[in-house]
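# Residue-level structure breakdown
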Amino acid sequence: MTFLMDTIKGMLIGIANIIPGVSGGTMAVSLGIYDKLIGSVSGLLKTPKKSARTLLPIILGCGLGIIGFTYAIEYLLSRHTFITCMAFVGLILGGVPVLFSSLKKELAKGPSKIGLSGVLAFALLFGVAVFLPMMNADDEVLKTFTVTPQVMISLFFVGVIASATMVVPGVSGSLVMMILGYYYGIINTIKSFLDSLKALDMAGLTHGFALLVPFGIGVLLGIFLIAKLITFLFEKFGVQTYCAIFGLILASPFAIFYNTGALGPSSLPGAGQVILGLILAVICGGVTWKMGK
């Protein structure tokens, strides 16, 4: 049962990973498996078998979520933008009570108050999460990659940067890729690879493999390195780290709506959409809260 639940949670994290403005790390916190994920990644060298058993269902679920939602995200965000964004907001904010409980436990270990450092950490990361979407270029278009050493090296480093979405709550790797101009190209590469797999097109499979492997290696390496940093921060600055995560999470709704243009002048929702969006947000929030417990 634990394997199945972790696989489902991994699927939700995988889905979050390809939504610009939504953080896979935030989703992991909301689902209550963030500590387990970070601990397993950090302990991969010390306890490889135990860590691998823990990570297997999560990684499997992530892969299924990314593959399954790559095709769906384009349709949902283009045809049902506001309603989809409200569902995402519900999924993220539903984890706030669980995170608040974790903060109270951290406060019980040492200082009984958040203090100035905690407030500053919250304000700083809230500001960063709000500012990042504003850097997104509105005129980015769908692009494809050619297999060259320069492109493969670039994809490796983009993978390292993007992997922050797996372990840093509130930071969207997809949004960072969009800022760097690689988001649509990578999404297109994944779709082309899956289409080639269904058609057994060896040339297409080879092309996609040559592009996705360096990107994937970069993601795995980045997750391991950043997980070490996050583990250190939780051990030494637990209260401040939780406050910073709160800032990032509470800024996530702005990042979602701004990046998708859901509240733009040309896409304002009607009364029916608002009501349905609110209902979905409450339902999704309840699901996340229940799974997080």
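So, how was this worked out
- Residues numbered from 1 in each chain as written.
- Predicted model: local features only at pLDDT ≥ 70, side-chain atom pairs only at ≥ 80, totals over all residues.
- Heavy atoms only, no water.
- Helix = DSSP H or I, 4+ residues; strand = E, 2+ residues; numbered from the N terminus.
- Core = buried A, V, L, I, M, F, W, Y, C linked by side-chain atoms within 4.5 Å.
- Buried < 20%, exposed > 50% of the residue type's maximum accessible area, 1.4 Å probe, protein only.
- Contact = heavy atoms within 4.5 Å.
- Phe/Tyr/Trp six-rings, centres within 6.5 Å; stacked < 30°, edge-to-face > 60°.
- Patch = residues over 30% accessible without salt bridge, like charges linked within 9 Å, V, L, I, M, F, W, Y side chains within 5 Å.
- Areas by Shrake-Rupley, 256 points an atom, 1.4 Å probe, with all protein chains shown as cover.
- Salt bridge = Lys/Arg side-chain N within 4 Å of Asp/Glu carboxyl O.
- pLDDT = per-residue confidence, 0-100.
- Axes fitted to C-alpha atoms, helices over the stretch in contact; angles between N-to-C directions.
- Parallel < 35°, antiparallel > 145°, perpendicular 65-115°, else oblique.
- Left-handed = near helix turned anticlockwise from the far one by under 90°.
- Nonpolar A, V, L, I, M, F, W, Y, C, P; charged D, E, K, R; others polar.
- Expected span 1.5 Å × (residues − 1).
- Bend = angle between axes of the 7 residues up to and from the residue.
- Polar contact = N/O pair within 3.5 Å; in protein donor to acceptor, adjacent residues only side chain to side chain.

### Let's talk about unusual backbone geometry
Of note in this structure, L200 is not a glycine but carries a positive phi near 55°. Looking at the secondary structure, you find L200 in the loop between α11 (183–199) and α12 (202–236).

### Overview of the nonpolar core
Taken as a class, soluble globular proteins show a tendency for nonpolar side chains to be buried jointly. Residues L155, I186 and F215 are the most contacted members of the largest nonpolar core, which totals 67 residues. Broken down by element, this core gets its largest block of residues, 9 residues, from helix α13 (residues 238–260). If we skip the residues at most four places from it in the chain, F215 touches L155, F156, V158, G159, A162, M177 and I186.

### Re the side chain of T7
Inspection of the secondary structure assignment puts T7 in helix α1 (residues 2–17). Beyond its immediate stretch of four places on either side in the chain, T7 contacts P57 and G61.

### Things to note about the packing of aromatic side chains
Per the counting criterion, the structure on display carries 7 aromatic pairs. Taking the centre distance of 6.0 Å and the plane angle of 65° together, the rings of Y34 and F234 count as edge-to-face. With Y34 in helix α3 (residues 34–42) and F234 in helix α12, this pair connects stretches of sequence that are 200 residues apart. The exposure class of Y34 is buried, given its relative accessible area of 4%. In this structure F234 comes out as buried when scored by relative accessible area, which is 16%. Centroid distance F82 to F257: 6.0 Å. Interplanar angle 35°. Geometry classified as tilted.

### A few points about a nonpolar patch on the surface
A grouping of F3, M11, L56, L60 and L64 is seen on the molecular surface, where their side chains present a nonpolar patch of about 450 Å² in accessible area. Only α1 and α4 (48–79) provide two or more residues apiece to the nonpolar patch. The element contributing the most residues to the nonpolar patch is α4, with 3 residues. With respect to the helices and strands, L64 occurs in helix α4. Here L64 falls in the partly exposed class, since its relative accessible area comes to 43%.

### Some remarks on the confidence of the model for the protein chain
Averaged over all residues, the pLDDT of the protein chain is 82; the fraction at 70 or higher stands at 90%. Element-level pLDDT for the protein chain is lowest in helix α9 (residues 164–167), with a mean of 66, against a maximum mean of 88 in helix α8 (residues 149–162).

### Quick word on the packing of α11 against α12
Direction vectors running N to C along α11 and α12 enclose 140°, while the axes themselves pass 9 Å from each other. Considering their axes alone, α11 and α12 lie oblique with respect to each other. For the element pair α11 and α12, the recorded crossing hand is left-handed. Side by side, α11 and α12 meet where I186, T189, I190, F193, S196 and L197 of the first sit next to G204, L205, G208, F209, L211, L212 and F215 of the second. Classifying every residue of the contact of α11 with α12 gives 9 nonpolar, 4 polar and no charged.

### Topic: the packing of α8 against α12
Where α8 meets α12, the closest approach of the two axes is 6 Å, and the angle between their N-to-C directions is 35°. In this structure, α8 meets α12 at a crossing whose hand is right-handed. On α12, the residues touching V151, M152, L155, F156, V158, G159, V160 and A162 of α8 are A210, L211, P214, F215, I217, G218, V219, L221, G222 and I226.

### Points about the pattern of salt bridges
For the structure shown, the criterion picks out 3 salt bridges. With its nearest N and O atoms 3.0 Å apart, the salt bridge here joins K36 to D6. With K36 in helix α3 and D6 in helix α1, this residue pair connects regions lying 30 residues apart in the sequence. Residue classification places K36 among the partly exposed positions, given a relative accessible area of 33%.

### Focus on α12
Between its first and last C-alpha, α12 extends 50 Å over 35 residues, near the 51 Å set by a 1.5 Å rise per residue. The sharpest bend along α12 reaches about 25° and sits at L212, with the proline P214 one to four residues further on. You can read the cap of α12 off the contacts: a side-chain oxygen lies 3.3 Å from the backbone nitrogen of A203, and it is on D201.

### What about the environment of F126?
Mapped onto the secondary structure, F126 falls in helix α7 (residues 115–134). For the pair F126 and A244, spaced 118 residues apart in sequence, the C-alpha separation works out to 7.5 Å. Residue contacts for F126: discarding those within four places in its chain leaves G247, L248, L250 and A251.

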